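# Examining the three-dimensional arrangement
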Amino acid sequence: MQILRACDLSFSYDYTLFENLNLSLNTGESTAILGVSGCGKSTLLHILSTLLKPKSGEVIYNEKSLYKLSENELTKIRRLEFGIIFQAHYLFKGFSAFENIELASILSGLNIDENLVKQLKIEQILNQKVGEISGGQQQRVSIARVLSKKPKIIFADEPTGNLDKQTASEVMDVLSRYIKENNASLVLVTHDNDIASRCDYAFRLENKKLITR
Ligand SMILES: Nc1ncnc2c1ncn2[C@@H]1O[C@H](COP(=O)(O)OP(=O)(O)OP(=O)(O)O)[C@@H](O)[C@H]1O
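Everything quoted here is computed from the prediction, not taken from an experiment.

Let's shift gears to the UniProt feature "domain: ABC transporter" (unreviewed entry) in the chain. Feature annotation in UniProt assigns "domain: ABC transporter" (unreviewed entry) to the following positions: residues 4–211. Within the segment residues 4–211, helix and strand shares are 35% and 27% respectively, and the terminal C-alpha atoms sit 18 Å apart.

So this is what it looks like as structure tokens:
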């Protein structure tokens, strides 16, 4: 079932990044976006996930045109229904990994999922302050934090960017299982063809459009 649709999106800074771009995301499915550095992948992800208004076009989520909603309604969707995994993790550095994840599970009203913690291999570092763990460990904590609030769509910018091949593949197992079990959707930006191949659909942002890889 379709959960999000981008219709005729255009965006430019001092030059056009994309024009009349269309994309549809379905529940239970994953989509990868590839493309050369600087082509606008992160910008597109920001537009799809409520963070940046397009110059023209619409993003329709559950039949609502996102950028026609009030800032309050948009914030509510972003906080409760969307899970955004950034390249910069925006974790609270002075808090432990556990406390960072706990903040998100409070939003979902659920306990921290111990299986998720195990699958992401972060049990050993839960009590360490985020400022004292590695970039790859922070990346996995930020994924646990996002999944703990049980989002309906996950928007992930290079979710495996800091990870070795084996750990990257395990993180993809976790994300894939999450969307199947929760009938959620995943859209991720990556430079890694192997990661893109693990998704149900893969597109390349090229010549201001999304083309099938
Ligand atoms: N706030 C901004 N103001 C002006 N230009 C910007 C801004 N943010 C990004 N850009 C420019 O827009 C272009 C697209 O950036 P974006 O981060 O979307 O690319 P990307 O495809 O995700 O790149 P990468 O793969 O290197 O992460 C880049 O040339 C970037 O310098």
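Looking now at the site of the ligand. By nearness alone, every residue bordering the ligand is listed as Y13, Y15, L17, V36, S37, G38, C39, G40, K41, S42, T43 and H191. With respect to the ligand, the backbone of C39 contributes an N or O atom lying 3.2 Å from an oxygen atom. Here an oxygen atom of the ligand and a backbone polar atom of G40 are 3.0 Å apart. Protein contacts shield 58% of the accessible area of the ligand, which totals 640 Å² for the unbound molecule. Top element by residues in the shell around the ligand is helix 1 (residues 41–48). It accounts for three residues.

Once that is clear, we can look at the layout of surface pockets. When its volume is computed, the largest pocket comes out at roughly 460 Å³. In terms of lining residues, the largest pocket is bounded by 18 residues, among which I84, L107, R145, V146 and K149 are the most central. Of all the secondary structure elements, the ones that give two or more residues to the lining of the largest pocket are helix 2 (71–80), strand 6 (82–85), helix 3 (97–108) and helix 5 (135–148). Here the element with the most residues in the lining of the largest pocket is strand 6; it accounts for four residues. Across the lining of the largest pocket, the residue classes tally to 11 nonpolar, three polar and four charged. Within this model, the second largest pocket holds a volume of roughly 210 Å³. Taken together, 14 residues line the second largest pocket, and the ones lying closest to its centre are D113, L116, K150, Y178 and E181. Among the secondary structure elements, those contributing two or more residues to the lining of the second largest pocket are helix 4 (114–119), helix 5 and helix 6 (165–182). Element by element, the count of residues in the lining of the second largest pocket is highest for helix 6, at five residues. Its residues assigned to classes, the lining of the second largest pocket shows five nonpolar, five polar and four charged.

Turning to a nonpolar patch on the surface, a few remarks are in order. Judged by side-chain polarity, F92, F95, L103 and I106 come together as a nonpolar surface patch covering roughly 400 Å² of accessible area. Among the secondary structure elements, F95 is positioned in the loop between strand 6 and helix 3. Assessed through its relative accessible area of 42%, F95 is described here as partly exposed.

Quick look at the sheet that holds strand 2 (residues 16–26) now. Across the sheet, which stays open at both edges, the four strands sit in the order 2-1-4-5 with antiparallel pairing between neighbours. Each end of this open sheet is capped by a strand with a single partner; those strands are strand 2 and strand 5 (64–65). Relative to strand 4 (residues 56–61), strand 1 (residues 2–12) runs antiparallel, the two being bridged by five bridges. Counterpart to L4 in the pairing with strand 4 is Y61. Here helix 1 sits on the sheet and contacts strand 1, strand 2 and strand 4; the angle it forms with strand 1, its principal contact strand, is near 125°.

Let us now look at unusual backbone geometry. For N20, which is not glycine, the phi torsion reads 45° and is therefore positive. Relative to the elements of secondary structure, N20 occurs in strand 2. We classify N20 as partly exposed; its relative accessible area is 41%. In this model, N62 sits at a positive phi of 45°, which is unusual for a non-glycine residue. Positionally, N62 belongs in the loop between strand 4 and strand 5.

In terms of nonpolar packing, the biggest core is built from 37 residues, with L120, I122, V141, L147, I154, L175 and L188 touching the most fellow members. Discounting residues that sit within four places of it in the chain, L120 has contacts with R140, I143, A144, V171 and V174. Grouped together as the second largest cluster of nonpolar side chains are 32 residues, I3, L25, L45 and L74 included.

Calculation notes
Residues numbered from 1 in each chain as written. Predicted model: local features only at pLDDT ≥ 70, side-chain atom pairs only at ≥ 80, totals over all residues. Heavy atoms only, no water. UniProt positions renumbered as here; feature names shortened; annotations may be inferred. Helix = DSSP H or I, 4+ residues; strand = E, 2+ residues; numbered from the N terminus. Near = heavy atom within 4 Å. Polar contact = N/O pair within 3.5 Å; in protein donor to acceptor, adjacent residues only side chain to side chain. Areas by Shrake-Rupley, 256 points an atom, 1.4 Å probe, with all protein chains shown as cover. 1 Å grid on protein atoms, 1.4 Å probe; cavity = no way out; pocket = protein on both sides within 12 Å on 5 of 7 lines; lining within 4 Å. Points joined across faces, edges and corners; volume = space filled by probe spheres on them. Nonpolar A, V, L, I, M, F, W, Y, C, P; charged D, E, K, R; others polar. Patch = residues over 30% accessible without salt bridge, like charges linked within 9 Å, V, L, I, M, F, W, Y side chains within 5 Å. Salt bridge = Lys/Arg side-chain N within 4 Å of Asp/Glu carboxyl O. Buried < 20%, exposed > 50% of the residue type's maximum accessible area, 1.4 Å probe, protein only. Pairing = 2+ DSSP bridges. Contact = heavy atoms within 4.5 Å. Axes fitted to C-alpha atoms, helices over the stretch in contact; angles between N-to-C directions. Core = buried A, V, L, I, M, F, W, Y, C linked by side-chain atoms within 4.5 Å.

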